[in-house]
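# Chains, contacts and geometry: an overview
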Amino acid sequence: MISEFIKGLGITLLQVIRKPTTVNYPEEKRPTVARARWRHKLLRHEDGLERCIGCSLCVGACPSHCITVVAADNTDEDRRSPGERYAAVYEINMLRCIFCGYCEDACPTGAIILGPDFELADYDRASFVYGKDRLLVPAPGEIARVKTRF
Amino acid sequence: MSDLVTLTIDGQQIQTAPNTLLVEAAAQLGILVPVYCYHPKLAPIGACRMCLVEIEGMPKLTPSCTTPVKEGMVVHTQNARVEKARRGMLEFLLIHHPLDCPVCDKGGECPLQDYTYEFGPRKTRFRYPKRHWDKPLQIGKNILLDRERCIMCLRCVRFCEEISDHQQIGVFERGHSQCIGTVPGHSFDSQFSGNTIELCPVGALTGAPTRFFGRTWEIQHTPSICTGCAAGCNIRIDHRQQRDVVRLWSRENKHTDDGWLCDRGRFGYEFVNQDRLKDFKILQDGQLVDATTQQATVKAASILSKHANSGSLGVLASPILTNEELYAVEWLTRSVLQTSSIDHTASAVNPQAVQLHSVVREAGFRSGVLTDIDEAAQIVTIGVDLSNDQPITELRVKKALFQRKAQLVSLYPETIELGRYTEHNLIYEPGQEASVVASLAAAVRSGGGEGVVGQAARLLSSEAPKAVIVGWKLQGLSDFSALAKALGELASALGPDVPCITIYPNCNTRGALDLGITPGWLPGGVAATGSSESGMTGIQILEAARDGRLKALWVVGAEPLLEADPELVKAALANVEFIYQGWSLRDVPVDPDVVLANVTFAEQAGTFTNTDGRVQRIYPAVKPHGRSRPGWQIVADLGRALGKTWEATSDQEVFEQIRQAVPAYSQIKWSEVGTLGVQSGASAPPAMAGATG
Amino acid sequence: MANEIVFSRNHIDNVKDLDVYVGNGGYSSLQKGLTMAPDELIELVKASGLRGRGGAGFPTGMKWSFVPKDTSKPHYLVCNADESEPGTFKDRQLMEVNPHQLLEGMILACHAIGAKTGFIYIRGEFVGPIQIVSRAIEQAYARGYLGKNIQGTGVDVDLAVHPGAGAYIWGEESALLNSLEGQRGLPRLKPPFPAVSGLYASPTIINNVETLANISHIVNNGADWFKQWGTERSAGTKVVSISGHVNRPGNYEVPLATPMMTLINEFAGGVRDGHKLKAVIPGGSSVPILPAEKCDINYDYESIQAAGSMLGSAGMIVMDETTCMVGVARNLVHFYRHESCGKCTPCREGTDWMFKILNELELTGGQMDDIDLLLDITDNMDGKCFCPLGDTSIMSVVSGIEHWRHEFEEHVRNGGCQQRAQNGH
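Remember, predicted model here, so these are calculated numbers, not experimental data.

Reading the values: the criteria
- Residues numbered from 1 in each chain as written.
- Chains lettered and ligands numbered in written order.
- Predicted model: local features only at pLDDT ≥ 70, side-chain atom pairs only at ≥ 80, totals over all residues.
- Helix = DSSP H or I, 4+ residues; strand = E, 2+ residues; numbered from the N terminus.
- Rg over C-alpha atoms; globule rule 2.2 N^0.38 Å.
- Buried ≥ 20, exposed ≤ 12 C-beta atoms within 10 Å, placed from the backbone.
- Contact = placed C-beta atoms within 7 Å.
- Expected span 1.5 Å × (residues − 1).
- Domains from an automatic or database assignment.
- Nonpolar A, V, L, I, M, F, W, Y, C, P; charged D, E, K, R; others polar.
- Axes fitted to C-alpha atoms, helices over the stretch in contact; angles between N-to-C directions.
- Parallel < 35°, antiparallel > 145°, perpendicular 65-115°, else oblique.
- Left-handed = near helix turned anticlockwise from the far one by under 90°.
- Pairing = 2+ DSSP bridges.
- pLDDT = per-residue confidence, 0-100.

Glancing now at the overall build of chain C. When its secondary structure is counted, chain C shows 18 helices and 11 strands. Taken against the 2.2 N^0.38 rule, which gives 22 Å for 425 residues, the C-alpha radius of gyration of chain C at 22 Å falls within 12% of a compact globule. With the principal axes as the frame, chain C shows a C-alpha extent of 75 × 45 × 35 Å. Across the 425 residues in chain C, those meeting the buried criterion constitute 58%. Once local pairs closer than 6 in sequence are excluded, the contacts in chain C between residues at least 24 apart make up 71%.

It is worth spelling out helix α6 (residues 99-113) of chain C at this point. If you check α6 of chain C, its first and last C-alpha atoms are 21 Å apart, about what 15 residues at 1.5 Å a residue would give, namely 21 Å. Where burial is concerned, most of α6 of chain C is hidden: 15 out of the 15 residues are buried.

Turning our attention to helix α7 (residues 127-142) of chain C. Residue pairs three or four apart in sequence face the same way in an α-helix, which turns once every 3.6 residues. Residue and element names in this part refer to chain C. Here α7 spans 23 Å end to end across 16 residues, near enough to the 22 Å set by a 1.5 Å rise per residue. All of the buried residues along α7 are P129, I130, V133, A136, I137, Q139 and A140. On the buried face of α7, the contacting elements are α1 (18-23), α5 (90-97), α6, β2 (115-122) and β3 (158-163). Of the residues flanking the end of α7, it is G144, one or two places downstream, whose phi is positive at about 80 degrees.

Looking at chain B, the domain boundaries give domain 1 (5-78), domain 2 (101-207), domain 3 (280-349 + 508-682) and domain 4 (356-503). With centres defined by C-alpha atoms, the gap from domain 1 of chain B to domain 3 of chain B works out at 54 Å.

Turning next to the domain arrangement of chain C. All names here are of chain C. One can read the domain layout of chain C as domain 1 (8-227), domain 2 (237-320) and domain 3 (325-422). A straight line from the C-alpha centre of domain 1 to that of domain 3 covers 36 Å. Its residues placed into classes, the side of domain 1 that touches domain 3 shows seven nonpolar, one polar and one charged.

Moving on to the packing of α6 of chain C against α7 of chain C. Residue and element names in this part refer to chain C. Where α6 contacts α7, the axes come no closer than 9 Å and their chain directions differ by 60 degrees. In this view, α6 runs oblique relative to α7, as classed from their interaxial angle. Relative to α7, α6 is oriented so that their crossing is right-handed. Between α6 and α7, the contacting residues are P99, H100 and L103 on the first element and I132, V133, A136, I137 and A140 on the second. Partitioned by chemical class, the residues of the contact of α6 with α7 number seven nonpolar, one polar and no charged.

Residue and element names in this part refer to chain C. By the secondary structure assignment, T392 is in helix α16 (residues 388-392). On the basis of neighbour count, T392 is assigned to the buried category, with 24 C-beta atoms found within 10 Å. The spatial distance from the C-alpha of T392 to the C-alpha of Q101 is 31 Å, given a sequence separation of 291 residues.

It is worth spelling out the arrangement of the chains at this point. When the two pairs of chains in contact are ranked by number of contacts, first place goes to chains B and C. There is a gap between chain A and chain C: no contact, and a shortest C-alpha distance of 25 Å.

Right, let's get into the sheet that holds strand β1 (residues 75-81) of chain C. All names here are of chain C. Judged by pairing direction, the sheet is parallel, and its four strands sit side by side in the order β3-β2-β1-β4 without closing on themselves. Looking along the sheet, the strands with just one partner apiece sit at the ends: β3 and β4 (204-208). On average, each strand axis in the sheet is inclined to that of its neighbour by 20 degrees, with strand direction left out of account. In terms of strand pairing, β1 meets β2 through seven bridges, oriented parallel. Each bridged residue has a counterpart across the sheet, and for V78 the counterpart in β2 is F119. Relative to the sheet, α7 contacts β2 and β3, its axis offset from that of β3 by approximately 165 degrees.

Our next topic: the interface of chain A and chain B. Each partner contributes residues to the interface: chain A has 13 residues there, and chain B has seven residues. Split by residue class, the side of chain A that touches chain B holds seven nonpolar, three polar and three charged.

Here the amide bond leading from K135 of chain B into P136 of chain B is cis, since omega sits at -10 degrees, within 30 degrees of zero. Here P136 of chain B lies in the loop between α3 (111-119) and β6 (137-138). With omega at 5 degrees, the peptide bond leading from P191 of chain C into P192 of chain C counts as cis. Positive phi is not limited to glycine here, since D10 of chain B has a value of about 50 degrees. Along the chain, D10 of chain B falls in the loop between β1 (5-9) and β2 (12-16). Looking at D10 of chain B, the number of C-beta atoms within 10 Å reads 15, which means it is partly exposed.

Now for the sheet that holds strand β3 (residues 85-93) of chain A. Residue and element names in this part refer to chain A. Strand order in this open sheet of three strands is β2-β3-β5, and the pairing throughout is antiparallel. The outermost strands of the open sheet, each flanked by one partner alone, are β2 (67-73) and β5 (129-130). Taken together, the seven bridges between β2 and β3 define a ladder with antiparallel strand orientation. Directly across from A72, in β3, lies its bridge partner Y86.

Glancing now at the environment of E321 of chain C. Residues and elements named next belong to chain C. Inspection of the secondary structure puts E321 in the loop between β11 (315-320) and α13 (325-339). Residue E321 is classed as exposed on the basis of its C-beta count, with 12 C-beta atoms lying within 10 Å. Separated by 29 residues in sequence, E321 and A292 place their C-alpha atoms 9.7 Å apart. Every residue in contact with E321, bar those within four places of it in the chain, is listed here: H275, K276 and K278.

Detailed conclusions should not be drawn from predicted coordinates in areas where pLDDT is low. Residue and element names in this part refer to chain C. Mean pLDDT for chain C: 94, with 99% of residues reaching 70 or above. β1 holds the highest mean pLDDT among the elements of chain C, 97, whereas helix α18 (residues 418-422) holds the lowest, 86. Overall fold confidence (pTM) sits at 0.93, and the ipTM for the predicted complex is 0.94.

Next comes the structure, spelled out in structure tokens:
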């Protein structure tokens, strides 16, 4: 009986000296895999114009219907993207999103990509609807406006 | 059966009428032959070469859109040779096409996309810079042109030549630099310009007001009826997730619109989206404040009950409300409030309550419907300028003039658009209507005479089938009984069974008349008797309110207020207790005491009756804004607050009650109204008896 | 044995003047022709075997007989003088030198088809012929050869000149009618054919200048006289416009079925000195190119067709061995691209695309795939265009690649045209 007890304790002791699989999140962070698909970003062209042209193909591709796009006219005075059209409203409901990446597939201009940022927790439901203010990467020279919550 | 032609298409035999085009015969078999320049309502030109098919015995491929069927023809639409030609043609169309589908309003419902997907090449072999044009070009108030996307099918140009005859756009340059443009010095402002957006098989012509309305896969469609005029054009409301109305599209009904839509109707939907009342309101300390439905209803009921049965209340109900709403308003006004001053218009054109469609029937005409125009060889328009009063019916008349060489006689105080197509323009001084009609009748009876009237009469004295169109403005004549008499003379001069179509101003004026929203007439066109006989007309109601003879007004829908003199309206509304029920306060110049939020036609179910008495259904397309409700439910609440319960829980139940009350509607089965409507029967109430206020 | 019929009076000084023309037997056919019944006249022309000289070669008498007899509408005759085919310049000389011969033929044709009015639709660039023909019409009116009761025969004919405004497509008869009516000159749908519903929706016959110029001679001399030249199916003579690398370019009226090499070597004085024949376009730019080895044929409708080309409008373009066939195709396709009316898709876009490819082949070489791509484009156009303009625009490309594919391949390999580089272009 004692031998069994010692055997069991041995296994326990073995675990104590083994390197733990957990990390001290959030002080310590594990690298995500290279192709991790988390929080979306709307990219810009090198000249600072938005890549998104408001075509809503991502809306058509989205299996969970979590994207809303409302397009508007580019004018010479207020040019947001190349061509005629830009997205005046671009919203993703992160609560509904299943991070399948179909929007990225569908996008004809490579405007939307899913990145490694998985820290999406929040306190109220409304703030899970991400608008352009949070999705669009800052223009060159623009100070990041992305709010940090922690 | 012997005059049918038998032929074989893709191994299937079909019998079809002679002169059927091959592309139509194939469609009858359910075989898709891709087309761009072909359109069933336009003459074939055979320009796009998409519809090439192989006919056995013919060395070359043949365009099926220009080739009529022949006995014993053997046609192949799907063999390798035809498919190669199709692929080649699509490749030609695409070499200069910008492929900016992601930003094109047509994307998703574009035949160029669809056929390319189905038949076209997968990759381009064209390695050179594409043709470029400035884009988009605003060529008219409502139309944007993108020449890069254009495939030169010329449907738009042909529409403007063959259908509307507003030749404001044309083809310029030639060959590879050919393009569509506006005729120098003109912009494309035809009131039918919007139809070219629908005709365009690519995104070359798009609507300026509907630019970037959303993508077609996000849009839902709901069948409805246009509220722009009394024609009752069938439309399709396009909306995004039942929120905003983003676009109106035509929906073919040969009884009303014949597949077209005028710009006034097509782009006149902004009132559904903008300045909407979301909440019931009451006036407190000179300020309109939001109130609960209950509070507002109680307050309105208290005002109504204070003035019920005393002759100090007036009711105005808009002629763009549904039959169900109008019926409810009529019920509350006459049965509960014991008030007889109720009207659907406050226009000076209608100082006396007349049922024009009954007047012409009494005169001896047959009650006409719009499709009677398609049968007529001679058309007489009396007191109506169709391009203003009912544009779609003008297109129907033009179709008769262009395609069947029908002839027109126009009686109007000035030269009208249709006057271009006739020598018989009988122009008269306003007020002379009765004598002009009478002299025309006399001339027809004597078989001719001097001058323009005589020439027109000579034309009309022939046996050819005729149709008469009379306009609502005739109602305003001071010597209306003389006109009615003259119409009677004309009817007997033109012979038996001549249809007469009455043109009313608003989408449900005919319904309002049928439902008794007019003083002196009860639902069903029954002349009022006894106490309810002495109701005031709309303009009299406003004048009485201004002069203090009325103490309260209940206005449902602001349209009657827009028809009267603004100063009068302001003075009248400021002088009484004012209950306003409607969808927007934009056209209400004085803050009402109570505001009841009504939905528009886009948010409710119901029926409209068009100018010739066709009852057509509308369906809820978008969700009601805020707490607004269908009018008949608001009225039912008011009734309950006044202690009268009205038993109706759905629009269908209300319609059943309307059927009971209006003999002309008694034969209409709710289930048959469907999306295309049912013609109401001709009841025969007296036309002119009763009060004229 | 040349200049027997339509050029028979060309040597006479100032024959364009009415007096000179009449003095040399002009207008002599009217008395005979206008007193014949119209049907007799049509039968006579049918018997002569005269075929349309505009390009398609349709029997003229047959065409006339298509005019319905029982319409209440007026009939019209239209003379197609919109000669715009590259390589063809015969009608111009026929009108410039001897305009009355044309008028005489038109009067007879009008009588045959029952038309009271005829139009001469002359290419707008032909300022000279427009003036000359207009002057001839004035003279003819003044002397009673036109107008009411011509020469006491009771026949009324009015003729008028209508200048075109500069488009090749108006040589296509239905486009010509649209242009004549004042519309955009686009080809019309057929059927209905113009003989049934043409100008102003009335029965209309459209004939080429040379066709009509033959009529008076046939009436004067009879069908058998006419048939002494040519073959059974290609009767009479033909004015051949010879241009290109020959010593004596010009118009030559020869009997049909004259050997083509005789035309080049004897009439046109042979290929220019020190060079040898490489290719011939036998009938204007709209027909396939024949290589030299296929040129040993008779010049008539059937023989040329058998050799793989067409007689067309008899504009013979002779090319010697210095000619770059890619350049020829590029040049001709450029013309068709410019002249395409744009109505139908394959012609509008196909000519543009072909030109872009040929231009690249000629200037910078392009890619080897381009040659097969060109053939595929021509296949997608062939027989699929609305009117013959598109269908014939591919001829120089198809026959060019068929016979001289190696030249196209060399262009790709050399990065463009060597000749062009040598000549310093």
